[in-house]
Every structure is written in C-alpha cells, then in structure tokens.
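Letter by letter, the chains look like this.
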Amino acid sequence: MLFLGDDWAEAHHDIELQDGQGRVLSRRRLPEGVGGLAQLHALIADHLDETDEPGAVIVGIETDRGGWVQALIAAGYVVYPINPQQSAKYRQRHSTSGAKSDPGDAHVLAEIVRTDRDHHRPMTGDSELAEAVKALARTHQTMIWSKQRQANQLRSMLREFYPSALNAFGEDLTGRDALAVLAIAATPAAGRALTRSRVISVLRRAGRQRNLDTRATEIVAALRAEQLELPAPVTAAYGAGVSAIVTVLTAMTGQVAALEAEVESCFGRHPDVEIITSQPGLGMVLGARVLAEFGDDPDRF
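Values in this document were obtained by computation on a predicted structure and should not be read as measured data. (Residues numbered from 1 in each chain as written. Predicted model: local features only at pLDDT ≥ 70, side-chain atom pairs only at ≥ 80, totals over all residues. Heavy atoms only, no water.)

On to the pairing of strand β2 (residues 12–18), then. Counting buried positions over the seven residues of β2 gives seven, a clear majority of the element. Of the two faces of β2, both are covered, the one formed by H12, D14, E16 and Q18 as well as the one formed by H13, I15 and L17. One ladder, built from six bridges, connects strand β1 (residues 2–8) with β2; its direction is antiparallel. Its bridge partner lying in β2, L4 is registered against L17. Remark: three residues form the turn of the hairpin made by β1 and β2, two consecutive strands paired antiparallel. As paired elements, β2 and strand β3 (residues 24–31) share seven bridges and run antiparallel to each other. Within β3, the residue paired with L17 across the bridge is S26. Following β2, the chain reverses through five residues before pairing antiparallel with β3; G22 in that reversal takes a positive phi of roughly 85 degrees. (Buried < 20%, exposed > 50% of the residue type's maximum accessible area, 1.4 Å probe, protein only. Helix = DSSP H or I, 4+ residues; strand = E, 2+ residues; numbered from the N terminus. Pairing = 2+ DSSP bridges.)

This is the structure in structure tokens:
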C-alpha cells in the first residue's frame with residue numbers, strides 16, 4: 001500500500017508519498033488543476049505494481065470538498081478527509097515547535113493515514129444530490145455565522161454611543177424592526193427625532209402587520225430616553241459605521257433567506273427526506289445539515 005499526504009493551498013499541493021514502512025518515496029509540489037492531478041497520477045503509477053488496484057493508495061487531505069478531492073475518489077483512491085484541528089495535534093508529535101509548513105503538513109497527513117487511519121473515517125460514495133445538499137447547507141450555515149459576527153459588531157458599536165437603540169431592540173438586532181429603524185436613525189439625534197407615525201410607516205414597509213401602534217410607541221420611548229452623549233464628530237463617525245453594518249446585515253438577511261429556500265428545495269428532492277425529517281426536532285434545514293454531514297452511502301456504517 002502507498003500513503004499520500006496532500007497539503008492543499010489555493011494554487012498548489014504539497015504531497016508526500018510513503019510506503020507501508022514509512023519510507024518517503026517522493027516529495028513534490030504540484031500545481032492545482034488538471035495538470036497537477038495528471039502529475040500526481042503519474043507519480044503514484046511509478047510506485048505501484050501492475051497488479052495493484054487504485055484502492056491501495058490511501059490519501060490524507062484536510063478537506064472533503066472540491067474538484068481535486070472528487071477526482072481522487074473517481075480515480076479509486078481511498079481518501080481520508082482530516083480535520084485541520086486534528087492534524088494540528090498530530091503536528092506536535094513530529095515537531096517540538098509545532099510550527100506549520102506545507103511540506104511538513106504533507107508528512108503529517110501521510111503519517112496519519114499510515115499509522116492511525118482506523119481512528120478516522122474515509123470518504124464514501126455519497127450521491128451527487130447529497131453533495132449538492134452538503135454544499136448548500138454548509139454555505140447557508142456559514143452565512144448565518146457571518147451574519148452573527150456582523151450583529152455582534154453592531155451591538156458593540158451601539159453600546160459605545162447609542163445604548164438607547166439596544167434598549168429599543170434588545171437582542172434582536174438582525175430583526176426586521178431593528179434594521180428598518182436603524183437604517184433611518186443611525187445616531188441618537190436621528191432616533192430622538194423619529195415620530196410614532198414615521199416609525200409605524202417604516203415598520204409596515206419592513207413587513208410588520210400586527211401591534212404596529214404598540215411597537216412604535218415602545219421604540220420611540222426607548223430612543224428618546226436620556227443617555228450619555230459623545231462629542232458630535234465621534235457620534236457622526238459611529239453613525240456612519242452603523243449605517244454600513246445595517247446595510248450589510250440587510251443584504252445578508254435576504255441572502256440567508258434565499259439560501260434557506262435553496263437548501264429546502266434541494267433537500268426536498270432527496271429520497272431520504274421523509275426518513276430524516278421524521279426524527280424529532282429535524283426540520284428541512286437541520287435535516288439537510290444532518291444529511292450533509294452523515295451522507296447517504298448505505299455502506300458507510
């Protein structure tokens with residue numbers, strides 16, 4: 001058997017090929033793409049006997065996505081996607097400093113699949129639809145995380161100069177009410193100038209249909225409450241930052257909803273959708289994430 005460590009980067013792959021005793025047969029840097037993959041196949045072929053099957057090549061790589069990984073699987077190699085946090089722990093066994101380097105990481109990955117692959121899970125033959133669900137579900141989740149980071153930044157900024165806005169909207173800074181009002185009142189002075197009728201109009205355009213009078217009254221009262229003030233130029237600078245983040249959050253909110261619809265549509269076409277969503281607590285989005293991480297290969301377990 002041959003053991004290949006593949007440390008991938010945007011434009012190249014550092015690889016190390018070992019035999020079963022851990023002897024290094026080759027170390028190379030290969031370009032990303034078809035040309036690099038052809039070089040890799042040729043390199044492996046030089047060290048395989050004519051009777052060996054592609055399954056005799058065990059690959060360790062820190063990703064389970066992309067055309068390169070799919071090409072390795074299509075070639076018949078056994079691919080182990082290794083979590084980068086796991087490989088970082090292994091790196092400490094091979095270097096006292098624990099410093100990261102591309103050739104060194106290729107060596108670590110080759111060692112993992114040679115000596116410790118029983119503690120890791122190889123990629124299996126998930127369907128194309130399951131791969132599509134995986135791509136959408138992970139992108140959707142990443143977008144939600146990015147949105148939350150922006151919301152945290154907005155909260156920190158409001159705490160510095162506009163605490164009345166935090167009192168008005170609480171923890172729901174990414175909700176339609178908060179984004180709609182902050183879009184027209186990014187500073188304390190603009191917030192105090194808002195009238196109840198103006199807030200009602202803004203909330204209605206944002207999609208609120210119930211309790212308009214009550215909610216508008218609450219928001220106006222909170223924004224007009226006394227608070228400590230910063231100098232006018234500093235407040236204006238913070239206000240510009242709030243406007244920018246609110247614009248980003250508004251766009252991200254729309255994209256999260258659009259991605260969620262795509263996730264549900266794609267997952268809804270999978271033959272196992274009814275089985276997965278029959279489990280307590282698993283709706284369409286969470287069910288799609290479960291399928292994405294477990295896959296649909298019946299032989300996996």
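On to the packing of aromatic side chains. Taken as a whole, this structure holds two aromatic pairs when the rule is applied. Between F161 and Y238, the aromatic rings sit 5.0 Å apart at their centres with planes inclined by 15 degrees, giving stacked as the arrangement. Of this pair, F161 sits in helix α5 (residues 128–161) while Y238 is found in helix α11 (residues 232–268), placing the two residues 77 residues apart along the sequence. Classification of F161 as buried rests on a relative accessible area of 1%. In textbook terms, an aromatic cluster arises when at least three aromatic residues are bridged by ring pairs, as seen for F161, Y162 and Y238. (Phe/Tyr/Trp six-rings, centres within 6.5 Å; stacked < 30°, edge-to-face > 60°.)

Moving on, we get to the pattern of salt bridges. Two side chains of opposite charge can pair, provided their charged atoms sit close to one another. All chains considered together, the criterion is met by 15 salt bridges. Linking R29 and D14 is a salt bridge whose minimum nitrogen-to-oxygen distance equals 3.0 Å. Here D14 lies in strand β2 and R29 lies in strand β3, a separation of 15 residues in the sequence. A relative accessible area of 48% means that R29 is categorised as partly exposed. (Salt bridge = Lys/Arg side-chain N within 4 Å of Asp/Glu carboxyl O.)

Right, let's talk about the sheet that holds strand β4 (residues 57–61) for a bit. Sheet architecture is open: five strands sit in the order β3-β2-β1-β4-β5, paired in mixed fashion. Among the strands making up the open sheet, the edge pair consists of β3 and β5 (78–81). The sheet shows a mean angle of 20 degrees between the axes of neighbouring strands, direction not considered. Across four bridges, the pairing between β4 and β5 is parallel. (Axes fitted to C-alpha atoms, helices over the stretch in contact; angles between N-to-C directions.)

The subject of this paragraph is the packing of helix α1 (residues 34–47) against helix α2 (residues 67–74). Where α1 meets α2, the axes come as close as 11 Å, and the angle between the chain directions of the two elements is 35 degrees. Handedness of the α1/α2 crossing: right-handed. Judged by residue contacts, G36, L37 and L40 of α1 engage W68, A71 and L72 from α2. When the residues that make up the contact of α1 with α2 are grouped by side-chain class, the tally is five nonpolar, one polar and no charged. (Left-handed = near helix turned anticlockwise from the far one by under 90°. Contact = heavy atoms within 4.5 Å. Nonpolar A, V, L, I, M, F, W, Y, C, P; charged D, E, K, R; others polar.)

Next up on the list: the environment of V242. Tracing the backbone shows V242 in helix α11. In sequence terms V242 and V78 are 164 residues apart; their C-alpha atoms lie 50 Å from each other. With near-sequence residues (within four places) excluded, V242 lies in contact with L154, M157, L158, F161 and A186.

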